[in-house]
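Chain and residue survey
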Amino acid sequence: MRISDVSIRNAVFSWMLFAAFIIFGFISFMRLGVSQLPDVDFPVVNVALTLQGAAPEIMETSVVDPVEDALSSVEGVERISSVSKTGISNITIEFALDRNIDVALQEVQTKVAQAQRLLPTNVDPPVITKTNPDDQPIIWLALTYEKADPYFLMSYAKDYLKNYFTTVPGVGDILLGGYTAPAMRVWLNSKKLLQKNMAVGDVLQSINSQHAEIPGGFIQNKENSFNVRTLGEFIDAKGFDDMIINRRAGMTIQDPLNVVRLKEVGYAEESLAEVYRLSRFDGVQALGL
């Protein structure tokens, strides 16, 4: 006996069966879970390369081309694209949809490691990541300051605001757009350096040797043991100004009466590192979070 025979002889039963399928199918469809932002592993891998101060043309020929040649032999690659800027290059590798992204990531890491011997020696270690839309920021905040003090703006956002925002439930990471790190800048007078028979290298070596905390070891007696900390780092610009430059023409100055302090050939200033990026909101300098 065929199903069609049963349906013809029991027409009411057939209609009730079809109606049940429609009703329960509609209920199941309405209760079907749908995510607005599903966690999907796209088969896309990004390679970030950095060579400080290099022109885009140098990044393209000396850095990107050798890496792209090595990546072209990875299995399942459908498209390779790159964007080069001053000192920075990003290579995007797109794989077939059925490619296992975790396995592809390992193969990309292997190929990039093999190509590193062909890159300039001062290239920073490549950063290899897989693209995930969930990792992209979904809220941008603009932080402005009426007095337009960039140093205060950067320090306040990095040391205060960022720590508070990271404790908010659901926040995974805080990105700072247009951020420039605070830095201690030392300005030197070339004429005064010449009068003292000193070079910039003498000042740099003095800073490296004196602005450092060296392990002080322990002080021990029969009952106690104390760890010794040497406070060798300067905490403000005045400390740098009073620093003794103990080298001249590459040689150590032995005469204590003939020492030269930094303030005699220049001065130190609490400022920002080299500014390569700016962020503005309604025409006012701002910091994006």
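These notes cover the structure that comes with them.

What counts and how
Residues numbered from 1 in each chain as written. Predicted model: local features only at pLDDT ≥ 70, side-chain atom pairs only at ≥ 80, totals over all residues. Heavy atoms only, no water. Pairing = 2+ DSSP bridges. Helix = DSSP H or I, 4+ residues; strand = E, 2+ residues; numbered from the N terminus. Buried < 20%, exposed > 50% of the residue type's maximum accessible area, 1.4 Å probe, protein only. Polar contact = N/O pair within 3.5 Å; in protein donor to acceptor, adjacent residues only side chain to side chain. Contact = heavy atoms within 4.5 Å. Axes fitted to C-alpha atoms, helices over the stretch in contact; angles between N-to-C directions. Phe/Tyr/Trp six-rings, centres within 6.5 Å; stacked < 30°, edge-to-face > 60°. Salt bridge = Lys/Arg side-chain N within 4 Å of Asp/Glu carboxyl O. Lys, Arg positive; Asp, Glu negative; His and termini not counted.

A few points about the sheet that holds strand β15 (residues 284–288)
The strand order across the open sheet built from three strands is β5-β15-β14, with neighbouring strands paired in antiparallel fashion. The sheet is open, and its two edges are formed by β5 (142–144) and β14 (280–281), each paired on a single side.

Thoughts on the side chain of Ser89
Residue position: Ser89 is located in strand β3 (residues 88–95). Overall, Ser89 belongs to the buried group, its relative accessible area being 0%. A polar atom in the side chain of Ser89 sits 3.0 Å from the side chain of Ser84. Once you skip the residues sitting within four places of it in the chain, Ser89 turns out to touch Val47, Ala48, Leu49, Met59, Val64, Val83 and Ser84.

Looking at the environment of Tyr151
Considering the arrangement of structural elements, one finds Tyr151 in helix α5 (residues 150–165). On the accessibility criterion, Tyr151 (29% relative accessible area) is partly exposed. Along the primary structure Tyr151 and Pro182 are separated by 31 residues, whereas in three dimensions their C-alpha atoms are 6.5 Å apart. Those residues in contact with Tyr151 that lie beyond four places of it in its chain are Pro182, Glu270, Ser271 and Leu272. A distance of 3.4 Å separates polar atoms of two side chains, one belonging to Tyr151 and the other to Glu270.

Let's talk about the sheet that holds β3
The strand order across the open sheet built from four strands is β2-β3-β1-β4, with neighbouring strands paired in antiparallel fashion. A strand with exactly one partner marks an edge of an open sheet, and here the two such strands are β2 (77–85) and β4 (127–130). For this sheet, the mean angle separating the axes of adjacent strands, direction not counted, is 15 degrees. Pairing geometry for strand β1 (residues 44–50) and β4, over four bridges, is antiparallel. Within the sheet, the bridge partner assigned to Ala48 lies in β4 and is Val127. The sheet strands contacting helix α3 (residues 56–71) are β1, β2 and β3, and the helix crosses β2 at an angle near 160 degrees. Across the sheet, helix α4 (residues 101–115) lies against β1, β3 and β4, angled at about 165 degrees from β4, the strand it touches most.

Some details on the environment of Ile93
Assignment of secondary structure puts Ile93 in strand β3. For Ile93, a relative accessible area of 1% gives the class buried. Not counting the four nearest positions on each side in its chain, Ile93 is found in contact with Pro43, Val44, Val45, Val47, Leu71, Val77, Arg79, Ile80 and Val108.

Considerations on the packing of aromatic side chains
In total, this model carries four aromatic pairs according to the counting rule given. Judged by centre distance (5.6 Å) and plane angle (20 degrees), the rings of Phe152 and Tyr156 are stacked. Here Phe152 pairs with Tyr156, and both are found in helix α5, just four residues apart, close to one helical turn. Taking relative accessible area as the criterion, Tyr156 reaches 32% and is therefore assigned partly exposed. Following the ring pairs from residue to residue traces out a cluster consisting of Phe152, Tyr156, Tyr160 and Tyr164.

Here we look at the pattern of salt bridges
Close approach of charged atoms allows side chains with opposite charge to pair. Taken as a whole and judged by the stated rule, the model has eight salt bridges. Here Arg79 makes a salt bridge to Glu94, at a shortest N to O gap of 3.2 Å. One end of the pair, Arg79, is in strand β2; the other, Glu94, is in strand β3, and 15 residues separate them in sequence. You can call Glu94 partly exposed: its relative accessible area is 28%. The residue Asp242 makes a salt bridge to Lys263 at a minimum N-O spacing of 3.2 Å. A residue pair is termed long-range when its members are at least 10 positions apart, and Asp242 in the loop between α8 (237–241) and β9 (244–245) and Lys263 in the loop between β12 (260–261) and β13 (266–272) qualify at 21 residues. Under the relative-accessibility criterion, Asp242 is labelled partly exposed at 25%. A network of salt bridges, in which partner residues are shared, links Lys238, Asp242 and Lys263.

Details of the side chain of Asp241
By the element assignment, Asp241 lies in helix α8. The charged side chain of Asp241 is buried without a salt bridge, its nearest counter-charge being Lys263 at 7.6 Å. Filtering out sequence-adjacent residues up to four positions away, Asp241 remains in contact with Arg261, Leu262, Lys263, Tyr267 and Ala268.

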